Amino acid sequence: MTAVEAAPTIERPAVGSALARSWRVPIVLGVFAVIAILLFIVFGRSGQATFILSNTDKGAIQLPNLALSSRVLGIIVAVIAVLMAGGSVWWASRKQKTPLWYLAIFSLVLVIGFLGWATSGSDGLPIAVLLAGTVGLSIPFIFGALGGVVTERVGVVNVAIEGQLLAGAFVSAVVASITKSLAAGVISAMVAGMLVAFVLAAFSIKYFVDQVIVGVVLSGLVLGLTSFLYSTVLNSNTALFNTPPHFDPIAIPLLSQIPLIGPALFDQTIVVYLMYLAVAGVFYALFYTRWGLRVRAVGEHPQAADTVGINVRRTRFWTVSIAGAIAGLGGVFFTLGSGLGFTTNMTSGDGYIALAAVIFGRWNPIRATLAAVLFGFCTELQYQLAQLGSPIPSDFLLMLPYLVTIFAVAGLVGHVRGPAAAGRPYIKS
């Protein structure tokens, strides 16, 4: 029997399992059902809500616009929400968990009702544009969440995702501006994220410094350093240091012509396609390779892993470094992916939302990706609603992504168990 085969058996998580074992989910669904009644019925809006299903500039097949009565749609959504909340109560009364697919349908129904209410009387909400923007804005959340999942699976809490994203954005902009090479910019972003991870690994693994404190300090250090260099170096010579090239969208034949979702998923920049590969690669590597088994063994029970011959410190150090490279790649979105030069604090806390996606996704790459897409959707939605002149106050729209983050982590997830050894330094006896 090999050392890896003798390591503790760690179950592969089921992507479709439930979010809660108690009455938490039925209560949350009940609260949202009441909110749906108040918003869509009591304070319902008259007029039509128009959903523009096709992008007139893209796609061989154009779908007709969908126009619905906002009040009728709101009543239907409120009734469905009440019935589904009752279904969750029925599952809880039988001591069964509310399935994840059920929660997804409930959320989708509420989103449709909210969009119908918020866009009533407007020129129409472009769904294809909304989906495409969601995919694009989800990139830093997804790369950051993947880096966080890998790091915490090996037993190190990564609060430095924000710093890794910001370092990747800064270095990629500078290197790509100087070399005029997009490939050099991407590689340099990964190196920058890895360097930040080196510091996190050195202090937390070798010197046993509190991992949360190191992560917070690192993010602040990167913010201060990039802000200083931006004001003293980049601003003085923008043409040389802060005028990076950018990726152009690449349409995949046939797939990009699929109505509604084709342009959103398959007419994107290379950064989006790298994200698809990263999600699949991290999931496969963690749960279907020997390396992944070692990583999860170290994150769950480092003493047992050490007993069977796994070098715990070395495994943690290099795994944290790889995770930093993945997170650093997310920084490319802000500069090379969007065609913008670097600006101070351009990540704006996205790394912390990515960390929330790790927790919401229960340290599973697929779930964390879906959580990141949810946060990306909320970010894009605030832009679309602001352009359509929604009655929702602009200040509330700015808070929307963060409110959803708080609700997702505190309202639905609550107390969850991460990797058993996460945050605990390993001292070999």
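Just above sits the structure.
Residues numbered from 1 in each chain as written. Predicted model: local features only at pLDDT ≥ 70, side-chain atom pairs only at ≥ 80, totals over all residues. Heavy atoms only, no water.

Caption draft 1: Examining the overall build of the protein chain more closely. Summing up its helical and strand segments, the protein chain has 17 helices and 5 strands in all. In terms of overall size, the protein chain behaves like a compact globule, its C-alpha atoms giving a radius of gyration of 23 Å where 429 residues would be expected to give roughly 22 Å. When the backbone C-alpha atoms are referred to their principal axes, the protein chain occupies close to 65 × 65 × 40 Å. Counting only residues that meet the buried cut, the protein chain has 51% of its 429 residues in that class. A separation threshold of at least 6 residues defines the contact pool for the protein chain, and within that pool the share at least 24 residues apart is 78%. Total accessible area on the protein chain is roughly 19100 Å²; 69% of this is exposed by carbon and sulfur atoms. The distance from the centre of the 23 positive side-chain charges to the centre of the 14 negative ones in the protein chain is 13 Å. (Helix = DSSP H or I, 4+ residues; strand = E, 2+ residues; numbered from the N terminus. Rg over C-alpha atoms; globule rule 2.2 N^0.38 Å. Buried < 20%, exposed > 50% of the residue type's maximum accessible area, 1.4 Å probe, protein only. Contact = heavy atoms within 4.5 Å. Areas by Shrake-Rupley, 256 points an atom, 1.4 Å probe, with all protein chains shown as cover. Lys, Arg positive; Asp, Glu negative; His and termini not counted. Charge placed at Lys NZ, Arg CZ, Asp CG, Glu CD.)

Caption draft 2: View of the nonpolar core. By size, the foremost hydrophobic cluster in this structure holds 104 residues, and its most contacted members are Phe 51, Phe 143, Val 320, Val 332, Phe 342 and Phe 375. A per-element tally of this core places helix H4 (residues 127–153) first, with 12 residues. Leave out the neighbours within four places in its chain, and Phe 342 touches Leu 166, Ala 169, Phe 170, Ala 173, Thr 226, Tyr 230, Leu 234, Asn 242 and Thr 335. (Core = buried A, V, L, I, M, F, W, Y, C linked by side-chain atoms within 4.5 Å.)

Caption draft 3: Quick look at the environment of Met 194. You can see Met 194 is positioned in helix H6 (residues 182–206). Of the residues examined, Met 194 reaches a relative accessible area of 26% and is grouped as partly exposed. Along the sequence, Met 194 and Val 159 sit 35 residues apart, while their C-alpha atoms lie 14 Å from each other. Those residues in contact with Met 194 that sit more than four places away from it in its chain are Ser 321, Gly 324 and Ala 325.

Caption draft 4: Region of interest: unusual backbone geometry. The backbone phi angle of Lys 95 is positive, close to 60°, even though this residue is not glycine. On the secondary structure map, Lys 95 appears in the loop between helix H2 (70–93) and helix H3 (100–118). The exposure class of Lys 95 is exposed, given its relative accessible area of 81%. One non-glycine residue, Arg 362, lies in positive phi territory at about 55°. Within the secondary structure, Arg 362 is located in the loop between helix H15 (350–360) and helix H16 (365–387). The exposure class assigned to Arg 362 is partly exposed, which follows from its relative accessible area of 26%.

Caption draft 5: Spatial organisation of a nonpolar patch on the surface. A cluster of nonpolar side chains, contributed by Val 34, Ile 37, Leu 38, Ile 41, Val 42, Phe 43, Ile 75, Val 79, Val 82 and Leu 83, occupies part of the molecular surface with about 860 Å² of accessible area. Of all the secondary structure elements, the ones that give two or more residues to the nonpolar patch are helix H1 (24–42) and H2. Its place among the elements puts Phe 43 in the loop between H1 and strand E1 (48–52). (Patch = residues over 30% accessible without salt bridge, like charges linked within 9 Å, V, L, I, M, F, W, Y side chains within 5 Å. Salt bridge = Lys/Arg side-chain N within 4 Å of Asp/Glu carboxyl O.)

Caption draft 6: Broad picture of the sheet that holds strand E2 (residues 66–69). The 3 strands are arranged E2-E1-E3 in an open sheet whose pairing can be described as mixed. Strand pairing shows two members of the sheet lacking a second neighbour, E2 and strand E3 (125–126), which therefore form its edges. Along the sheet face, H2 touches E1 and E2 and points at about 75° away from the line of E2. (Pairing = 2+ DSSP bridges. Axes fitted to C-alpha atoms, helices over the stretch in contact; angles between N-to-C directions.)

Caption draft 7: Expanded view of H4. When the terminal C-alpha atoms of H4 are compared, their 36 Å separation across 27 residues agrees well with the 39 Å that a helix rising 1.5 Å per residue should span. The sharpest bend along H4 comes to roughly 40°, located at Ile 139, with the proline Pro 140 sitting one to four residues further on. The buried fraction of H4 amounts to 24 of the 27 residues, a majority that puts the element mostly inside the structure. Backbone geometry just after H4 places Gly 155 at a positive phi near 105°. (Expected span 1.5 Å × (residues − 1). Bend = angle between axes of the 7 residues up to and from the residue.)

Caption draft 8: Quick look at the packing of aromatic side chains. Under the criterion given, the structure shown has 17 aromatic pairs. A ring pair is formed by Phe 170 and Phe 342, whose centres lie 5.1 Å apart and whose planes are at 85°; its orientation type is edge-to-face. Note that Phe 170 is positioned in helix H5 (residues 161–179) and Phe 342 in the loop between helix H14 (332–337) and H15, a separation of 172 residues in sequence. Overall, Phe 170 belongs to the buried group, its relative accessible area being 10%. Ring centres 6.1 Å apart and planes at 55° place the aromatic pair Phe 283 and Tyr 288 in the tilted group. Among the residues examined, Tyr 288 registers a relative accessible area of 42% and is labelled partly exposed. Following the ring pairs from residue to residue traces out a cluster consisting of Trp 90, Trp 91, Trp 101 and Tyr 102. (Phe/Tyr/Trp six-rings, centres within 6.5 Å; stacked < 30°, edge-to-face > 60°.)

Caption draft 9: Spatial organisation of the pairing of E1. With 4 bridges connecting them, E1 and E2 associate as antiparallel partners. Paired with Phe 51 across the bridge in E2 is Leu 66. As paired strands, E1 and E3 are joined by 2 bridges and run parallel to one another. Across the sheet, Ile 52 pairs through a bridge with Pro 126, a residue of E3.

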